[in-house]
Amino acid sequence: LLPEFMKKLSSNIIGDGFSGGELTIPVKTSIGKAGINICFELIFPAIIRRHSLQGANFLINLSDLSWFSSELVKKQFLSFAVFRAIENRKWVIIASNSGISAFVEPNGRIKSQSISNTNGVLLDWINGNKKRRFNKKYGW
């Protein structure tokens, strides 16, 4: 699925020997099903929508943004989470080691966020949303 220029980056930085999985099943938790995506998958609406279609009540993104030095890139990454939250009407939680960790409400409002490049823990409350929305059903 990656554009050609990103394939070159992934083969050099990450290494060879990785292959795509066949399933994207939400993970059952005590508060509902979590649709988990990794790093730049957040910028692809279809990937995130797939988690919603499979019953995810909220979405979690695990990111390593340490290879971006620009704070603007880290803020732009957070803006992708806002769009994915609105499109799917789901909470989006970003856990980032050097970017901005955040809790984004289903309406796109950023409820809480960390400061990039700082150590710490971000805690907040979420409510798993089970409503079906237009974009979830029909997509792009």
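Up top you'll find the structure we're talking about.
Residues numbered from 1 in each chain as written. Predicted model: local features only at pLDDT ≥ 70, side-chain atom pairs only at ≥ 80, totals over all residues. Heavy atoms only, no water.

Peer 1: How do you make sense of the overall build of the protein when you look at a structure like this?
Peer 2: Secondary structure assignment for the protein yields 4 helices and 6 strands. N-terminal to C-terminal, the α/β element order of the protein is α-β-β-α-β-α-β-β-β-α. Classification of the 140 residues of the protein by burial places 39% in the buried group. For the protein, the computed accessible surface area is about 8,900 Å², with 59% contributed by carbon and sulfur atoms. (Helix = DSSP H or I, 4+ residues; strand = E, 2+ residues; numbered from the N terminus. Buried < 20%, exposed > 50% of the residue type's maximum accessible area, 1.4 Å probe, protein only. Areas by Shrake-Rupley, 256 points an atom, 1.4 Å probe, with all protein chains shown as cover.)

Peer 1: Looking at this model, I keep getting lost on the packing of aromatic side chains. Mind explaining?
Peer 2: The description of an aromatic ring pair rests on the distance of the ring centres and on the angle between the ring planes. Taken as a whole and assessed by the stated rule, the structure comprises 1 aromatic pair. Their ring planes at 75 degrees and their centres at 6.4 Å tell us that Phe40 and Phe44 sit as a pair that is edge-to-face. Accessibility expressed as a relative area gives 28% for Phe44, which makes it partly exposed. (Phe/Tyr/Trp six-rings, centres within 6.5 Å; stacked < 30°, edge-to-face > 60°.)

Peer 1: Can you help me understand the pairing of strand 6 (residues 110–113) in this one?
Peer 2: The two faces of a sheet get side chains in turn, since along a regular strand they alternate between them. When strand 5 (residues 102–104) meets strand 6, the two strands line up antiparallel, connected through 3 bridges. Residue Val104 lies in a different strand from strand 6, and its bridge partner there is Ile110. (Pairing = 2+ DSSP bridges.)

Peer 1: Would you take a moment to explain a nonpolar patch on the surface for this structure?
Peer 2: Together, Val27, Ile36 and Leu62 make up a nonpolar patch on the protein surface, roughly 230 Å² of accessible area in all. Structurally, the position occupied by Leu62 is in strand 3 (residues 58–63). Judged by its relative accessible area of 42%, Leu62 falls in the partly exposed class. (Patch = residues over 30% accessible without salt bridge, like charges linked within 9 Å, V, L, I, M, F, W, Y side chains within 5 Å. Salt bridge = Lys/Arg side-chain N within 4 Å of Asp/Glu carboxyl O.)

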